[in-house]
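One-letter residues, chain by chain:
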Amino acid sequence: MTPPSPTISRVRTSVFEPATAIDRTFPEFPAAQPIDENNYFKKHKPPPYLSEISKDVANFIASHNKLNRKVVLVTSGGTTVPLENNTVRFIDNFSAGTRGATSAEYFLENGYAVIFLHREFSLLPYSRHYSHTTNCFLDYMNEDENGQVVINAEYQNEMRVVLRKYQNARDKGLLLVVPFTTVHQYLFTLKLISQELSVIGPNGLFYLAAAVSDFFLPHSRMPEHKIQSQNDNDGKLRVSLEAVPKFLSRLVDSWAPLAMIISFKLETDSNILLSKARGALERYNHQLVIGNLLQTRKKEVVFVTPEEGEHWIRLTDEQHASGTEIESLIIPEIMSLHEKWCEKTSTL
Ligand code: 9Z3
């Protein structure tokens, strides 16, 4: 139940303008080779906090492994590409982290421990229900006659359900939240967590829903200070970005070779979604690509697997209207694929 918010406009600014589009079709980048990995990780300094994260992740995985609990890494939200070292300006993308935060909740409800690698300040499991600008938490509250702040009667039931689930995950230590902001931090942290997660073999699951930038500005070409407006003599700012190495191949082949790996393929053109998703599966050799279109991502996704080809998961109009989340259909399917993966891998 969404409370009316008199202070927040219902106008949506993220509308598309196809009439102004130009055709920019690029050939596919090749998958990253070991040499690309070495180059990237040698040329760039790791984030200074990485060793702290490493300890937390290792302890988290070990404690759940003792209980034979499956652990999923959910990545979520968009990566930034800074243009300056003391960053004033950066390139970003649309992702709010809805897919990741929602999926994490369904994994938690179904017995998984979740490492939630997310863009700092993007949506988080549970608090997402009340933190988005369309759902301001203050609109759920009021003062009673004694001046105590209380939740309005009509939201009590809904909020109690979310609160109990949140407290269960927190009290049982089922959720580890790890932040990133830049694409660079994302890649270093992904590599670290992957290697830690490889320790539990097939019980580890990767659910890579973060919207990761395809381009970045290497540190070697990044100015220390804010770019000045008189930077170029013709008054234009020219930014030349490099391709982010496609690290999925390294994850599959080297960082966590026994884990089940799921990547997402995002497109805006429905004519190329399936071929791109199939292409990713062939190139990286992992277990599942979930294809989705920016425009319809909350209503339908397509599963592409090597064994069974593709099948669509769709919400009916009634389900969509009544607030059913597509992740409530996606996660059970993934769990059964993961179960099969564990059986298959343990008999190898
Ligand atoms: C996705 O496709 C996610 O489903 C969305 C979720 C980012 C669309 P929101 O956060 O959106 O709920 O608003 N994630 C993967 C996007 C991506 O960067 N994929 C790469 C690609 O398409 C492959 S790893 O090339």
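Small disclaimer: the values here were computed from a predicted structure and weren't measured.

Q: So what exactly am I meant to see when it comes to the layout of surface pockets here?
A: Counted as a void, the second largest pocket has a volume near 370 Å³. For the lining of the second largest pocket, the secondary-structure elements that each account for two or more residues are helix H1 (34-43) and strand E10 (242-243). Considering every element that reaches the lining of the second largest pocket, the biggest residue donor is H1, with 4 residues.

Q: Before we go on, may I ask you to explain the sheet that holds strand E13 (residues 300-305) in this structure?
A: Sheet strands pair via backbone hydrogen bonds, and the direction of the pair is either parallel or antiparallel. With mixed pairing, 8 strands are arranged side by side in an open sheet as E7-E4-E1-E8-E11-E12-E13-E14. Among the strands making up the open sheet, the edge pair consists of strand E7 (175-180) and strand E14 (309-314). Within the sheet, the average angular offset between the axes of one strand and its neighbour, ignoring direction, is 20°. With 5 bridges connecting them, strand E1 (residues 71-76) and strand E8 (residues 204-208) associate as parallel partners. Bridging across to E8, Val74 finds its partner in Tyr207. Seen against the sheet, helix H7 (residues 248-255) touches E8 and strand E11 (260-267) and runs at an angle of roughly 175° to E11.

Q: Can you walk me through unusual backbone geometry in this structure?
A: Glycine aside, a negative phi is what most residues show, and trans is what most peptide bonds show. Despite not being glycine, Asn68 has its phi angle at roughly 55°, a positive value. Secondary-structure assignment places Asn68 in the loop between helix H2 (50-66) and E1. Its relative accessible area of 58% is what places Asn68 among the exposed residues. Unlike most non-glycine residues, Tyr126 shows phi in positive territory, near 70°. Relative accessible area serves as the criterion here: at 4%, Tyr126 is assigned to the buried category.

Criteria and thresholds
Residues numbered from 1 in each chain as written. Predicted model: local features only at pLDDT ≥ 70, side-chain atom pairs only at ≥ 80, totals over all residues. Heavy atoms only, no water. 1 Å grid on protein atoms, 1.4 Å probe; cavity = no way out; pocket = protein on both sides within 12 Å on 5 of 7 lines; lining within 4 Å. Points joined across faces, edges and corners; volume = space filled by probe spheres on them. Helix = DSSP H or I, 4+ residues; strand = E, 2+ residues; numbered from the N terminus. Pairing = 2+ DSSP bridges. Axes fitted to C-alpha atoms, helices over the stretch in contact; angles between N-to-C directions. Contact = heavy atoms within 4.5 Å. Buried < 20%, exposed > 50% of the residue type's maximum accessible area, 1.4 Å probe, protein only.

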